[in-house]
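# A structural walkthrough
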Amino acid sequence: MQTIEVSPEDMAAHIARFREQESQSAHYAEETGIPREAYEIMAAETLYLMMAPESQGGPMAQKPAIAGDSGMSVIIARCPPGDKPLLHAHHFTVETFMCLTGRFRIRWGSQGDQEIEIGPHDMVAVPPGVDRQFENITDEEALLLVIITGEGDEDFSDLSMPPRETEFMQEKFGQSVIEAYTKIGTAWRHADGRVEGPKVPAPIEVSDAEMATRIARVDEMQPLSVTSDDSIGVPREVRELVAAKNLFLLMAPENQGGPMSHHAAILGPDNISVLIAECPPGDKPLMHAHHHTVETFMCLSGRFRIRWGSETEEHIDLDPYDMIAVPPGVDRQFENISDSDARLLVIITGTSREEYDDISMPPDVTALLRERYGQDVIDAYNKTGVTFREG
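Residues numbered from 1 in each chain as written. Predicted model: local features only at pLDDT ≥ 70, side-chain atom pairs only at ≥ 80, totals over all residues. Heavy atoms only, no water.

Counted under the stated rule, the structure contains eight aromatic pairs. On the basis of an interplanar angle of 70° and a centroid distance of 6.3 Å, the ring pair of Phe-304 and Phe-334 is categorised as edge-to-face. A residue pair is termed long-range when its members are at least 10 positions apart, and Phe-304 in strand β21 (residues 304-308) and Phe-334 in strand β24 (residues 331-336) qualify at 30 residues. Overall, the relative accessible area of 0% leaves Phe-304 in the buried class. For Phe-334, a relative accessible area of 4% translates into the label buried. Members of the aromatic cluster, joined through ring pairs, are Phe-18, Tyr-48 and Tyr-321. (Phe/Tyr/Trp six-rings, centres within 6.5 Å; stacked < 30°, edge-to-face > 60°. Helix = DSSP H or I, 4+ residues; strand = E, 2+ residues; numbered from the N terminus. Buried < 20%, exposed > 50% of the residue type's maximum accessible area, 1.4 Å probe, protein only.)

In structure tokens:
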């Protein structure tokens, strides 16, 4: 497997600094003819579009900080106390919420009368077709991460509003705003069964028991080094050296390939895995490359250094909620450079679960593992889809 080199200038296009982001509502007021107040009532008071395909449709596609590949958007909602968008459904995409700070209530169902609460780094993945809403239930400003995944750009024009929200928006802002939203892919459902705008499937209901299988509470999870036991034939010491000291698999496709396919808390779409690395000071995995998938890092707490390239000379440092999407084929490594335990969000995206058998280790790592642990460890990792490059 061949690797590629990326200059700091080219990598800059793959980096989003949270403190530098501008709210989405400012762009909407300028470019779509939708009043800022109407946008903030529909979505949330302040949304930052960290990453999305430039060609993506729908109301979450204006000027992303990182122009990513088709199939995923990453958004941060900054919410004052009590802030909540209107109840809405996504019909072809999975919307995943992760609490970054504070505490949020996630409601779902046609009346929004089913609910759960999530705290920092808890995550819930809402299935397509379900009406849903989030709310900051603390008495301080709070941040919520929103990840929307679909098979292609066309899936993202899939938003619909239930009848009571349709009536509310018509009364408050008039038909012109309804029509402006329909032009960017929003459907408005009426009490008599009519749908104004794009055609969408009928909404679905999900029981409390079903939704419970789509929730990951990281503080209740065990790391992969424990849950995978010795099922891949690699000692725990080696697994923690290769990956990270504590790596939690929050969401992955069912039957995903590769060495990180064990015991996901949530079985999600085929094109995304979500992990949290909880790292003591100085903890870092070995240098490695993903050849068919994009690996995106977001600092959740502390401070992380992301290195890349064959000589590991290039790097950037991430503060909380900064993000970098490392292109396929690039050697990379992260390190906790703070003086206490810190968490890093890792999102791996590809077009199918088969693409996850794409990890390779550079020659110096191959030599280190062979010398320290023997050829048996190399052979065991080979069986999980990891390639070891020779000098």
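To continue, consider helix α9 (residues 363-373). Those residues of α9 not exposed but buried are Val-365, Thr-366 and Leu-369. Seen from one end, α9 has its buried residues packed into an arc of 105°, which puts them on one side. Across from the buried face of α9, at angles greater than 90 degrees, the exposed residues are Asp-364 and Glu-371. In this fold, the buried residues of α9 make contact with α8 (236-242), β26 (359-361), α10 (375-383) and β27 (387-388). Just past α9, the residue Gly-374 takes up positive phi, approximately 95°. (Arc of directions from axis to C-beta. Contact = heavy atoms within 4.5 Å.)

On to the pairing of strand β6 (residues 94-99), then. Of all six residues making up β6, six are buried, and the element is well covered by its neighbours. Alternating positions in β6 separate into two faces, Val-94, Thr-96 and Met-98 on one and Glu-95, Phe-97 and Cys-99 on the other, with burial throughout. Direction of pairing for β6 relative to strand β11 (residues 142-149): antiparallel, over a ladder of six bridges. Its bridge partner being in β11, Phe-97 is matched across the sheet by Val-146. (Pairing = 2+ DSSP bridges.)

Moving on: unusual backbone geometry. Positioned with a positive phi, His-121 is a non-glycine residue whose angle comes to about 75°. Within the secondary structure, His-121 is located in the loop between β8 (114-118) and β9 (123-126). His-121 sits in the buried class, given a relative accessible area of 7%. With a phi angle near 75°, Tyr-321 is a residue other than glycine that sits in the positive phi range.

Below, the discussion takes up the environment of Leu-369. Tracing the backbone shows Leu-369 in helix α9. Here the alpha-carbon distance between Leu-369 and Val-146, two residues 223 residues apart in the chain, equals 38 Å. In contact with Leu-369, other than residues within four places in its own chain, are Val-238, Leu-241, Val-242, Leu-286, Gly-374, Ile-378 and Phe-388.

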